[in-house]
Amino acid sequence: MSMKHAVLGLLDLSPLTGYDLKKAFDESVNHFWSGDQAQIYRTLTALVDAGLAEVEVVPQDGRPSRKLHRVTAAGRVELERWLRADPEPAPARSEFLARVFFAPVLDDDGVRELLRRRRAAVTAAWQRLAAVDEVEGPGASRDERLRLATLRNGLAHARAELDWLDEMDREFA
């Protein structure tokens, strides 16, 4: 997935300013895709330049004008092309696993502390995702069910990592 497609997807849901787009990332897709403010603004500029998005300047009384971005018809075509394309394998990169790989330089207490801190971070992430998952109701729309499926995937990955951390704890207890 590229930042371009993530931004197009969010703009397809509703027109957004750059600031609102960052909030949308943080509140909706952050468990599987993130972007910093600079990346988002660079991507918005590139999408507008490529004709995949358009910007509307909305004047505001006593405040700077808002730049509201919308996906264009060409942007929707690109988003659909990407959605229909074969998924590319995700690059396997994990800073934490790199730390585990190089952890032999630590003593056992250092390894246990590394694992303890990771468990705290994964538990906190799992709890945040679980709190969002609780809002799903039996009458959820197709769109909501698909978006919530990504949340359940995040929960499953967090649960699997917590299970793996349990194994590691037993090994280094």
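Residues numbered from 1 in each chain as written. Predicted model: local features only at pLDDT ≥ 70, side-chain atom pairs only at ≥ 80, totals over all residues. Heavy atoms only, no water.

Moving on, we get to helix H2 (residues 18–29). An ideal rise of 1.5 Å per residue puts 16 Å on 12 residues; H2 measures up with 16 Å between its terminal C-alpha atoms. Restricting attention to buried positions, one finds in H2 the residues Gly 18, Leu 21, Ala 24, Phe 25 and Val 29. All buried residues of H2 project into a common sector of 105° when viewed along the axis, lining one side. Exposed residues pointing more than 90 degrees away from the buried face of H2 are listed as Tyr 19 and Glu 27. If you follow the buried residues of H2, they end up packed against helix H1 (3–13), helix H3 (37–49) and strand E2 (63–71). (Helix = DSSP H or I, 4+ residues; strand = E, 2+ residues; numbered from the N terminus. Expected span 1.5 Å × (residues − 1). Buried < 20%, exposed > 50% of the residue type's maximum accessible area, 1.4 Å probe, protein only. Arc of directions from axis to C-beta. Contact = heavy atoms within 4.5 Å.)

Taken as a whole and assessed by the stated rule, the structure comprises 14 salt bridges. Note that Lys 4 and Glu 78 form a salt bridge whose closest N and O atoms lie 3.6 Å from each other. Within this pair, whereas Lys 4 is found in helix H1, its partner Glu 78 is found in helix H4 (residues 73–84), the two being separated by 74 residues in sequence. Residue Glu 78 is classed as buried on the basis of its relative accessible area, which comes to 14%. (Salt bridge = Lys/Arg side-chain N within 4 Å of Asp/Glu carboxyl O.)

Attention now moves to the pairing of E2. Judged from the seven bridges that link them, strand E1 (residues 53–60) and E2 form a sheet pairing that is antiparallel. Bridge pairing links Val 58 to Arg 66 in E2. Linking E1 back to E2 in an antiparallel pair, the connection comprises two residues, with Gly 62 at a positive phi of about 70°. (Pairing = 2+ DSSP bridges.)

So, on to the environment of Arg 93. With respect to the helices, strands and loops of the structure, Arg 93 is situated in the loop between H4 and helix H5 (95–102). For Arg 93, a relative accessible area of 78% puts it in the exposed group. Through-space distance from the C-alpha of Arg 93 to that of Leu 13 is 29 Å; in sequence the pair is 80 residues apart.

Let us look at the packing of aromatic side chains. In this structure the tally under the stated criterion is two aromatic pairs. With a centroid separation of 6.1 Å and 85° between ring planes, the pair formed by Phe 96 and Trp 164 is classed as edge-to-face. Of this pair, Phe 96 sits in helix H5 while Trp 164 sits in helix H7 (residues 142–171), and the two are 68 residues apart along the sequence. Both rings, one in Phe 101 and one in Phe 102, keep their centres 5.0 Å apart while their planes meet at 85°; by these two values the pair is edge-to-face. (Phe/Tyr/Trp six-rings, centres within 6.5 Å; stacked < 30°, edge-to-face > 60°.)

In terms of nonpolar packing, the biggest core is built from 18 residues, with Val 7, Leu 10, Leu 11, Leu 21 and Phe 25 touching the most fellow members. For this core, the elements supplying multiple residues, two or more each, are H1, H2 and H3. Element by element, the count of residues in this core is highest for H1, at six residues. Apart from residues no more than four positions distant in its own chain, Val 7 is found in contact with Leu 21, Phe 25, Thr 43, Leu 44 and Leu 47. Ranked by size, the runner-up nonpolar core spans 10 residues in total, among them Val 111, Leu 114, Val 122 and Leu 162. (Core = buried A, V, L, I, M, F, W, Y, C linked by side-chain atoms within 4.5 Å.)

Moving on, we come to the confidence of the model for the protein chain. Looking at the protein chain as a whole, the pLDDT averages 88, with 96% of positions reaching at least 70. When the elements of the protein chain are averaged for pLDDT, H2 gives the smallest value, 87, and H4 the largest, 95. (pLDDT = per-residue confidence, 0-100.)

Attention now moves to the packing of H1 against H2. Close contact between H1 and H2 brings their axes to 11 Å; oriented N to C, the two are set at 95°. Relative to H2, H1 is oriented roughly perpendicular. Contacts between H1 and H2 pair Met 3, Ala 6, Val 7 and Leu 10 from the former with Leu 21, Ala 24, Phe 25, Ser 28 and Val 29 from the latter. (Axes fitted to C-alpha atoms, helices over the stretch in contact; angles between N-to-C directions. Parallel < 35°, antiparallel > 145°, perpendicular 65-115°, else oblique.)

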